[in-house]
Amino acid sequence: MSSSSTPPSSSTTTSSITPTKTTPTTNRISSSTKQTTTWKDAFAGACAGAFAKTAVAPIERVKLVLQLQSSLTTPTTTNQQLQPPKQQQQQPYLSSYKNKSALEIASLIYQEQGLAAFWRGNVPNVLRQGGTSAINFMLMDVYKTTVHSVLLQQTMKWPSTRSLPLRHKRRSVWSSFISGGLAGGTTTTILYPIEFLRTRLALDVGTSSSPSSSSSTVSKSSTTTTTPVPRLYPRGMRDVFCQTWSSDGWKGLYQGYGIALVGVVLYRALHMGGYDALKTEWMYYQQTFASNSSNSTSNSTSLSWKERFVAAQTVSLMAGTLCYPIDSIRRRLMMQAGTVPIHKRPYRNSWQCTTFVWNTEGLRGFYLGLGPNLVRSLGGAILL
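Computed from a prediction, not measured in an experiment: that's the story for all the values here.

Visitor: What is the right way to look at the overall build of the chain in this model?
Guide: On a plain count of helices and strands, the chain comes out with 13 helices and 2 strands. In the chain, which comprises 384 residues, the proportion classed as buried is 39%. If you take every contact in the chain between residues at least 6 apart in sequence, the share linking residues at least 24 apart comes to 76%. Only carbon and sulfur atoms are counted for the fraction: they give 62% of the accessible area of the chain, which is about 22200 Å².

Visitor: Where do I start with the environment of L383 in this structure?
Guide: Relative to the helices and strands, L383 is located in helix α13 (residues 370-383). On the basis of relative accessible area, L383 is assigned to the partly exposed category, the value being 42%. For the pair L383 and V56, spaced 327 residues apart in the sequence, the C-alpha separation amounts to 9.4 Å. Leave out the neighbours within four places in its chain, and L383 touches A52, A55 and V56.

Visitor: What exactly am I supposed to notice about the packing of helix α3 (residues 57-67) against helix α11 (residues 305-335) here?
Guide: Each pair of packed helices gets described by two things: the angle between the helix axes and the distance between those axes. Running from amino to carboxyl end, α3 crosses α11 at an angle of 75°, the nearest separation of the two axes being 11 Å. Classified by the interaxial angle, the pair formed by α3 and α11 is roughly perpendicular. In contact with K63, L64 and Q67 of α3, α11 contributes Y324, D327, S328, R331 and R332.

Visitor: Help me out: how do you make sense of the nonpolar core in this one?
Guide: Side chains of nonpolar character tend, in soluble globular proteins, to be buried together. Counting residues in each nonpolar core, the largest one holds 17 residues, and the members touching the most others are V62, V65, L72, Y97, I105, I109 and L203. When contributions to this core are tallied by element, the ones reaching two or more residues are α3 and α6 (102-113). With residues near it in sequence (within four places) discarded, L203 still touches L64, V65, L68, L72 and M335. Counting residues in each nonpolar core, the second largest holds 10 residues, with Y192, L197, L253 and A337 among its members.

Visitor: Honestly, the pattern of salt bridges in this entry has me stumped. Any pointers?
Guide: Pairing between side chains of opposite charge can happen when their charged atoms approach one another. This structure, assessed with the given rule, holds 11 salt bridges. A salt bridge links K63 to D327; the shortest N-O distance between them is 3.2 Å. Of this pair, K63 sits in helix α3 while D327 sits in helix α11, and the two are 264 residues apart along the sequence. Judged by relative accessible area, which is 3%, K63 ranks as buried. With a relative accessible area of 14%, D327 lands in the buried category. The partner of D239 in a salt bridge is R235, and the shortest N-O contact between them spans 2.8 Å. Salt bridges sharing common partners tie together K63, R128, E195, D327, R330 and R331.

Visitor: Just checking my understanding: could you explain unusual backbone geometry for this structure?
Guide: In this structure, N99 is a non-glycine residue whose phi angle is positive, near 60°. By secondary structure assignment, the location of N99 is in the loop between α5 (84-95) and α6. With relative accessibility at 60%, the residue N99 sits in the exposed group.

Visitor: Got a minute to help me understand a nonpolar patch on the surface in this structure?
Guide: On the surface, a nonpolar cluster with roughly 510 Å² of combined accessible area is contributed by W305, F309, V310, L378 and I382. Elements supplying a minimum of two residues to the nonpolar patch: α11 and α13. Here the element with the most residues in the nonpolar patch is α11; it accounts for 3 residues.

Visitor: What am I meant to see in the packing of aromatic side chains here?
Guide: For any pair of aromatic rings, geometry is given as the distance between the ring centres together with the angle between the planes. For the structure on display, the rule yields 8 aromatic pairs. Measuring from centroid to centroid gives 5.5 Å for Y254 and Y257, while their planes differ by 85°, and the two rings are edge-to-face.

Visitor: Please clarify how the packing of α3 against α6 should be interpreted in this entry.
Guide: One can describe the packing of α3 onto α6 by two numbers: an axis separation of 9 Å at closest approach and a directional angle of 105°. Classified by the interaxial angle, the pair formed by α3 and α6 is roughly perpendicular. The residues of α6 that touch α3, namely those facing R61, V62, V65 and L66, are A102, I105, A106, I109 and Q113.

About the cut-offs
Residues numbered from 1 in each chain as written. Predicted model: local features only at pLDDT ≥ 70, side-chain atom pairs only at ≥ 80, totals over all residues. Heavy atoms only, no water. Helix = DSSP H or I, 4+ residues; strand = E, 2+ residues; numbered from the N terminus. Buried < 20%, exposed > 50% of the residue type's maximum accessible area, 1.4 Å probe, protein only. Contact = heavy atoms within 4.5 Å. Areas by Shrake-Rupley, 256 points an atom, 1.4 Å probe, with all protein chains shown as cover. Axes fitted to C-alpha atoms, helices over the stretch in contact; angles between N-to-C directions. Parallel < 35°, antiparallel > 145°, perpendicular 65-115°, else oblique. Core = buried A, V, L, I, M, F, W, Y, C linked by side-chain atoms within 4.5 Å. Salt bridge = Lys/Arg side-chain N within 4 Å of Asp/Glu carboxyl O. Patch = residues over 30% accessible without salt bridge, like charges linked within 9 Å, V, L, I, M, F, W, Y side chains within 5 Å. Phe/Tyr/Trp six-rings, centres within 6.5 Å; stacked < 30°, edge-to-face > 60°.

Shown next as structure tokens:
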């Protein structure tokens, strides 16, 4: 009896301790499932970003009109049918947006252009948000893996007194910073024309598609009667693209591109470095407070999601404020593309634009529209 029952027991024991073999098919299925989940997360993030952009689009358009109010008074020659007398007729209407507060500009947009005008230029803004999510998804991991391996191969040979784990951690931080800058630069390069279209559409303050359909209105902020100008781009993105391409070619779509790259690198450096520094100081304060408090039993070594949100938004608002002058310069350069011949434009490059704004408007000229921009950033983060 014992000999007959031994083989099944041995077989059972053997099968129970035999490890399950992972086949190539299993690996492929697992990798495919993980990739599908990542794509779903990226798509969900893009949809959430598009929703947030659409929700705060009215604030962003007020910010752009306030930021670029000086560009509205420049006569445009993109539409060859406009003659000089008609250009001069536009001036009182366009100047009504100058030297106004954000609430006054919002009121003017509503009264003269209608409620839907607050979302003028939102379509390219949503496209840019989706493109940013897709590019970051496709390239961020590639850049991070490549940069990290290069840093390890090239810099780990250097003599150092630091421990090996600390050196690896520092290389990881640097690789995240460099890969983030590369991803941001790639996104800016590919999607810059869409940002250009969005800016030009937002600054189209016309009220009708043709001069014959425009009617005289009385501005409530003054006693003068003004004639609304026709829209510069009644067909939207197609008009902006065609008019800019016909006058400046592809270079017109990249006005301000150089200073924009500088802004991307600076913003990411301030955002990433500032967030790590603030998080470290916050955790140090918590640990110090917990060790000095006799009633405290908390030994947490990480921040809660609320604390991380507050830290991230604080750093984001500070970085956005410091980099805001760069955004103002690049958008002013955008606004002069396709307007007048190149040799007659007020800004030949970003440096001349900087000196011109400083000499004529002072520091305030670089920060026009900062208030609505901070509200827009905070509102978008809360929605997400």
